[in-house]
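Examination of the molecular architecture
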Amino acid sequence: MNSDSFKTFSGVALTSVTLVILTGFLFVSHLEEARRGLILPDSFCPVEHSVKVWGFYEIFPPKVPHKIAVVIDATDQIPDQQRNEIADWFKSDFVRSLGRFAKVTIYKLNEIISDEAPEFEKCAPPSEANPWIENPRIVLEGFEKKFLNVLLDDVKLLVAGDEKNFSPILEMAEKMFDSYDEMILVSDLMHHTPGYSLYKNSGVHNDYENFLKTPYADTIAKNRQDKKLTAIYLIREKLKQRQNATLSGFWQEHMESNGGEFVVARTLSTIAK
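Residues numbered from 1 in each chain as written. Predicted model: local features only at pLDDT ≥ 70, side-chain atom pairs only at ≥ 80, totals over all residues. Heavy atoms only, no water.

Brief notes about the overall build of the chain
What counts here: Each helix corresponds to a stretch of at least 4 residues labelled H or I by DSSP, and each strand to a stretch of at least 2 residues labelled E; elements are numbered beginning at the N terminus. Burial classification: accessible surface area is computed with a 1.4 Å probe over protein chains only, and a residue below 20% of its type maximum counts as buried, one above 50% as exposed, and the rest as partly exposed. Contacts are assigned to residue pairs that have any heavy atoms within 4.5 Å of one another. Computed with a 1.4 Å probe, the accessible areas rest on the Shrake-Rupley method; for each residue, only the protein chains presented here act as cover.
A tally of regular secondary structure across the chain gives 6 helices and 8 strands. When its helices and strands are written in sequence order, the chain yields α-β-β-β-α-β-β-α-α-β-α-β-α-β. Here the chain holds 273 residues, and 40% of them are scored as buried. Partitioning the intrachain contacts of the chain with sequence separation of at least 6 by distance along the chain shows that 75% fall at a separation of at least 24. Just so you have it, the chain exposes about 15300 Å², and 53% of that area is on carbon and sulfur atoms.

Some points on helix α6 (residues 245-256)
Stated precisely, the cut-off is as follows: Expected helix span is given by 1.5 Å per residue-to-residue step, counting one fewer step than there are residues. Here the arc refers to the set of directions running from the helix axis out to each C-beta atom.
Counted at 1.5 Å a residue, the expected span for α6 with its 12 residues is 16 Å, and the 16 Å between its end C-alpha atoms agrees. Within the sequence span of α6, burial applies to L247, F250, W251, H254 and M255. All buried residues of α6 fall inside an arc of 120° around its axis, so they share one side. Against α4 (169-176), α5 (208-212), β7 (228-233) and β8 (261-267) lie the buried residues of α6.

Overview of the environment of D73
Selection criterion: Here a polar contact is recorded for every N or O atom pair within 3.5 Å, except that within protein the pair must consist of a potential hydrogen donor and a potential acceptor, and residues adjacent in sequence are included only if both atoms are side-chain atoms.
Residue placement: D73 occurs in the loop between β3 (67-72) and α2 (80-97). Using a relative accessible area of 2% as the deciding quantity, one classes D73 as buried. D73 sits 38 residues away from E111 along the chain, and the two C-alpha atoms are 9.8 Å apart. With sequence-adjacent residues up to four places away left out, D73 is seen in contact with I78, L109, S167, I169, L185, V186, S187 and D188. Polar contacts involving the side chain of D73 include one to the side chain of S167, which spans 3.1 Å.

Overview of the layout of surface pockets
The condition is simple: Grid points spaced at 1 Å and placed over the protein atoms alone form the basis of the search, with a cavity being a set where a 1.4 Å probe fits but cannot get out and a pocket an open set showing protein on both sides within 12 Å along at least five of seven lines. Lining residues have an atom within 4 Å of a point. Grid points are joined across faces, edges and corners, and a volume is the space filled by probe spheres set on the points. Note that Gly is not counted as nonpolar here; it falls among the polar residues with everything else outside the nonpolar set of Ala, Val, Leu, Ile, Met, Phe, Trp, Tyr, Cys and Pro and the charged set of Asp, Glu, Lys and Arg.
In this structure, the second largest pocket occupies an estimated 240 Å³ of space. The wall of the second largest pocket is formed by 13 residues, among which C45, P46, E48, V64 and K103 lie closest to the centre. Looking at the lining of the second largest pocket residue by residue, the classes come out as 8 nonpolar, 1 polar and 4 charged.

Remarks on a negative patch on the surface
To keep it simple, the criterion reads: To count toward a patch, a residue needs a relative accessible area over 30% and no salt bridge; like charges are then connected within 9 Å, while nonpolar side chains (Val, Leu, Ile, Met, Phe, Trp, Tyr) are connected within 5 Å. Definition used for salt bridges: Asp or Glu carboxyl oxygen within 4 Å of a side-chain nitrogen of Lys or Arg. The charge count treats Lys and Arg as positive and Asp and Glu as negative. His and the chain ends do not count. Just so you know, the charge point we use is NZ for Lys, CZ for Arg, CG for Asp and CD for Glu.
A contiguous patch of negative charge on the surface is contributed by E209, E253, E256 and E261. Within the element layout of this structure, E256 appears in helix α6.

Some points on the side chain of E182
Assignment of secondary structure puts E182 in strand β6 (residues 182-187). Among buried charged residues, E182 stands out as having no salt bridge; its nearest opposite-charge side chain is K228, 4.4 Å away. Here T230 takes part through its side chain, which lies 2.6 Å from a polar atom of the side chain of E182. If we ignore the near neighbours within four places in the chain, the residues touching E182 are H66, K67, I68, A69, F177, K228 and T230.

Functional significance is not addressed by these values, which are geometric in nature.
This is how it looks when you write it as structure tokens:
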């Protein structure tokens, strides 16, 4: 190969290598842009469809590992001290337990179960940065501003609700377990509806077997396979005789006898009234 041919070959080779590098760079850039597009910017939740890069390379959104419904039972008054304790639990224990992309949806328990829109619905973004590509301070500030603080504001607002005539906890649990893996219930656990009431039907002894004999029990779905009911338990002085061990036992038997799990994650300070 003479010098002119060698120079021509070298020029073509260099141009080819440069084009390959540029093509690779463009592909990686488009791939990273597409990956960012798999996450909805307002909710941090993954989209529900795959995306193709350059028409041939398909990428899939991350999966939501856990769907959590937070239900605030504000059908009776919750004083400031207990509101602060509730907020503290969500800020510490709850947030630490969340994996990335866990979906958190907040509902208010009303007298009548309806199809009202949730008060809050977001997936947990990362609270810790990748040290290679992210600024830890910026990641943490974004997590607190766009997720944690919004969640806490909604919780504080909902626990300040007015007293209601009924508290349909069983029906709400049935509805939540249709779509969610776990229901976190902020409540005194005193289910109360015209069809069945833990205030009246069971007296101070909350017997789940007696509940199963009532016509009302036939209206409540029993399949709770792999579902979890987590209670943030409100103790009220006026209910201390009824809020005994048989009350938590009622809910535990309701969940476990149907394949689920019941846990009291925190018992709050007793409410004086």
